[in-house]
Amino acid sequence: MGVVVAIDGPSGAGKSSTSKAVAIRAGWNYLDTGALYRAVTWLALEHKIEASAQILLALQKSPIRFESDPHNPQIFVGEEQVTQSIRGSSVTENVSRISAMPEIRHELLKIQREIIDKAEKGIVVEGRDIATVVAPDAALKIFLTADLDSRTVRREGEIDDKEIDVRASLDSRDLIDSTREISPLVMARDAVEIDSTYLDLSETIDRVWELLRERSLLGLPIVAILGRPNVGKSTLINRFIGRREAIVEDIPGVTRDRVQYECEWGGRRFIVMDTGGWEAKPDGISIAVSAGAEVAMEEADVLAFVVDAQVGALDEDEILVQHLRKAKKPLILIGNKVDGEREESDAHGLWSLGLGEPYFVSALHGRGSGDLLDHIVKELPEVGRAGSADGFRRVALIGRPNVGKSSLLNALAGTQRSLVDDVAGTTRDPVDELIEFGGSTWRFIDTAGLKKRANQASGTDYYASLRTQSALERAEVAVVVLDASEPITEQDLRVITMVEEAGKAMVIVMNKWDLVDEDRRDQLDKEIDRHLDQVEWAQRVNVAAKTGWHRDRLAPALRTALDSWERRVPTAKLNSFLGALIGATPPPVRAGKAPKIYYATQAGIAPPKFVVFSNGWIEASYRRFIERRLREEFGFAGTPVQVAIRVKERD
Ligand code: DC
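Conventions used here
- Residues numbered from 1 in each chain as written.
- Predicted model: local features only at pLDDT ≥ 70, side-chain atom pairs only at ≥ 80, totals over all residues.
- Heavy atoms only, no water.
- Helix = DSSP H or I, 4+ residues; strand = E, 2+ residues; numbered from the N terminus.
- Buried < 20%, exposed > 50% of the residue type's maximum accessible area, 1.4 Å probe, protein only.
- Contact = heavy atoms within 4.5 Å.
- Areas by Shrake-Rupley, 256 points an atom, 1.4 Å probe, with all protein chains shown as cover.
- Lys, Arg positive; Asp, Glu negative; His and termini not counted.
- Charge placed at Lys NZ, Arg CZ, Asp CG, Glu CD.
- Axes fitted to C-alpha atoms, helices over the stretch in contact; angles between N-to-C directions.
- Parallel < 35°, antiparallel > 145°, perpendicular 65-115°, else oblique.
- Left-handed = near helix turned anticlockwise from the far one by under 90°.
- Nonpolar A, V, L, I, M, F, W, Y, C, P; charged D, E, K, R; others polar.
- Pairing = 2+ DSSP bridges.
- Phe/Tyr/Trp six-rings, centres within 6.5 Å; stacked < 30°, edge-to-face > 60°.
- Expected span 1.5 Å × (residues − 1).

Caption draft 1: The arrangement of the overall build of the protein in detail. A count of helical and extended segments in the protein gives 22 helices and 24 strands. Across its three principal axes, the protein shows a C-alpha extent of roughly 80 × 75 × 60 Å. Expressed as a percentage of its 651 residues, the buried residues of the protein come to 52%. Considering only contacts in the protein between residues 6 or more positions apart, those separated by 24 or more positions represent 72%. When the accessible surface of the protein is split by element, carbon and sulfur atoms take 49% of a total near 31100 Å². Positive and negative charge centroids in the protein, built from 85 and 101 side chains respectively, lie 2 Å apart.

What follows is the structure in structure tokens.
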């Protein structure tokens, strides 16, 4: 089963168009569950049957089949194609009643799950109870809304019959949705609400796309580095990933496994795959390509072929080129070991391979590697072939030693702990744990670090902080555990600052609350006022991990924090807020000049980043003032918010 995206929301909010478009863009399948309910209704009307038992019988004779290609979704009842006929008014009038029958829902649930299980890469599923009943583990759940007026306008544009009172019909469907007992329209608690009232279709799609990207649900592109042994593939990979891993140089004749590394260039993340020795066996005329390289060619999105430019292209290189061509994938020719101008002019012979322009680099010294990476990034497909994440929210549990991190983990998990491997293909240790609590599964990052005792030799602090840092990098939200029974320390504050600087969502757990008495409580309030002022936005949850007291408070706090972390404020709303703000409190005059603020935009999410454009310098205090008011207006509990001022000459 691939990635499941569940989209729900009231009629007319744009579910179908959005779901189909997202599925097309990602190369995934699409399932319109409403069409299934409509098809059953159509069948019931055809046979003039009412009772659910009769309908189920009819369904056995004429099973429903949904073709889930988002370009052309089609639905069949038995042999009959009913894609159009299920849109008629008699079906629309009766579908609510039929779809409220528990037996029918049960039957369709099976069909829906089969279709979802079959989708290998991913599927976008729209409909009522997807996020709660059909696919409660969906990697991304969207609740798409819009106000009644804009839904009316959209629906009116879709249908020809001007006689129909669209508004009244939507209104009555809203009512049915909100009162029906079997499948009321409810927003799953871990769903993201997208209000499309002020968004057009492409903006809505972009918003979903942004969430998919942020949560690593789109497979990263894979670039396979291929070439004979000793042409410098590993050095090149070290150059790409910007660190010196212990990669053993190729040993001719020895086939190594394909190793993958994540790398980032120009804001795009991708996987580089080291293919090890590319084995050429000159037994007579045949040259066998190593199995590893063969598989790499199959699995990759882009093939990068490395040749030692000082040696030039050998006969076997040319034979390898033929293999590469057959793969019919973007192919990049790299001439390595080109350390200067003179070597570069010598290396021009590589043009003769007929693979287009060679990119000349010195993997060892870095020459040309920036241009090469620019080019590789241009060739990357939007969605790659690497496995995507599982969609479980990633939590870093951090804090100084002895505050009770492990006890908290135990209190949350009970016995439901399972160790999981990290992202397939990377070289990290299997140290994450999947833990279920509060109705969701959470991925706790690097829990192995928690088990280490804190009584190690000097230098431990440094390594602990490195470990915290790297857990934070991979996490979406941090749970910072403090010991409420002891004074807040410097080290506690350092951990909190790390979260802020990493731009992650945060929940602060005040643990050992069972040891907090009246006096300590007064003291703690003072410490919070004094030290936690700068992270006032973070929710604090008082917990006693030892007894399990209040452990159920954590999940809602995490959800709120993540929700804020990924929130996007529509540009129109943002600017009407800003306009009012500036009107009431203009930026301070400086050196006799009053700076003007033009407009603001939200440049990104996770965490929310805002850019305010002005014609001159704006003081930091005013920037903080904007941030504070933004929070008051739009919430953002649990997440850092970044506000940048950009000075721009009006054109
Ligand atoms: O999205 P639509 O209008 O085609 O849906 C048709 C009806 O089916 C709608 O009134 C609600 C119902 N339905 C449902 O009960 N459960 C689903 N998963 C999808 C649709």
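Caption draft 2: Representation of the packing of helix 1 (residues 15-26) against helix 9 (residues 201-214) in the model. Where helix 1 meets helix 9, the axes come as close as 10 Å, and the angle between the chain directions of the two elements is 55°. Judged by the inter-axis angle, helix 1 sits oblique to helix 9. The element helix 1 and its partner helix 9 pack so that their crossing is right-handed. In this structure, helix 1 uses S17, T18, A21, V22, R25 and A26 to contact helix 9, whose residues at the interface are L201, T204, I205, D206, V208, W209 and L212. Taken together, the residues of the contact of helix 1 with helix 9 sort by class into eight nonpolar, three polar and two charged.

Caption draft 3: Representation of the sheet that holds strand 12 (residues 302-308) in the model. Strand order in the open sheet made by the six strands is 10-11-9-12-13-14, with mixed pairing throughout. Every interior strand has two partners, whereas the edge strands, strand 10 (259-265) and strand 14 (359-360), have only one. Relative to strand 11 (residues 268-274), strand 10 runs antiparallel, the two sharing seven bridges. What sits directly across from E264, in strand 11, is R269. Sheet contacts for helix 10 (residues 233-241): strand 9 (222-226), strand 10, strand 11, strand 12 and strand 13 (331-336); angle to strand 11, the most-contacted strand, approximately 160°. Sheet strands in contact with helix 14 (residues 369-379) are strand 9, strand 10, strand 11, strand 12, strand 13 and strand 14, and its direction is about 170° off that of strand 13.

Caption draft 4: Expanded view of the packing of aromatic side chains. In the structure shown here, the tally under the stated rule is seven aromatic pairs. Pairing F610 with F636 gives two aromatic rings, centres 5.9 Å apart and planes at 75°, and the pair type is edge-to-face. Linking F610 in strand 23 (residues 609-614) with F636 in the loop between helix 22 (620-634) and strand 24 (642-647), this pair joins segments that are 26 residues apart in sequence. Each of the two residues, F610 as well as F636, counts as buried. Ring geometry for Y622 against F625: centres 5.3 Å apart, planes inclined by 45°, an arrangement best described as tilted.

Caption draft 5: Just unusual backbone geometry, in detail. A cis amide bond links A606 with the next residue in sequence, P607, at an omega value of 0°. By the secondary structure assignment, P607 is in the loop between strand 22 (597-604) and strand 23. The backbone phi angle of D446 is positive, close to 50°, even though this residue is not glycine. Relative to the helices and strands, D446 is located in the loop between strand 18 (440-444) and helix 16 (448-451). You can call D446 buried: its relative accessible area is 9%. Backbone geometry places K512, a non-glycine residue, at a positive phi of 60°. By secondary structure assignment, the location of K512 is in the loop between strand 20 (505-511) and helix 19 (518-531). Exposure remark for K512: the relative accessible area of 22% places this residue in the partly exposed category.

Caption draft 6: Representation of the sheet that holds strand 5 (residues 80-81). Pairing is antiparallel across the open sheet formed by three strands, whose spatial order is 3-4-5. In this open sheet, the two edge strands, each paired with only one partner strand, are strand 3 (64-67) and strand 5. Relative to strand 4 (residues 74-77), strand 3 runs antiparallel, the two sharing four bridges. Among the inter-strand pairings, E67 is bridged to a residue of strand 4, identified as Q74.

Caption draft 7: Representation of helix 22. The terminal C-alpha atoms of helix 22, which comprises 15 residues, lie 21 Å apart, in line with the 21 Å expected from a rise of 1.5 Å per residue. Listed in full, the buried residues belonging to helix 22 are Y622, F625, I626, E627, L630, R631 and F634. Here the buried face of helix 22 lies against helix 21 (571-584), strand 22, strand 23 and strand 24. Remark: G635 follows helix 22 within two positions and exhibits a positive phi of approximately 90°.

Caption draft 8: Geometry of the pairing of strand 15 (residues 393-398). A large share of strand 15 lies buried, amounting to six of its six residues. Side chains R393, V395 and L397 project from strand 15 onto one buried face, and the interleaved R394, A396 and I398 project onto a second face that is buried too. Bridge count for strand 15 against strand 18 is three bridges, and the pairing is parallel. By the bridge assignment, V395 is partnered in strand 18 with F444. Across four bridges, strand 15 lies against strand 19 (residues 477-483) in parallel orientation. In the strand pairing of strand 19, V395 is matched with V477.

Note that all results are geometric; they support no functional claim without further evidence.
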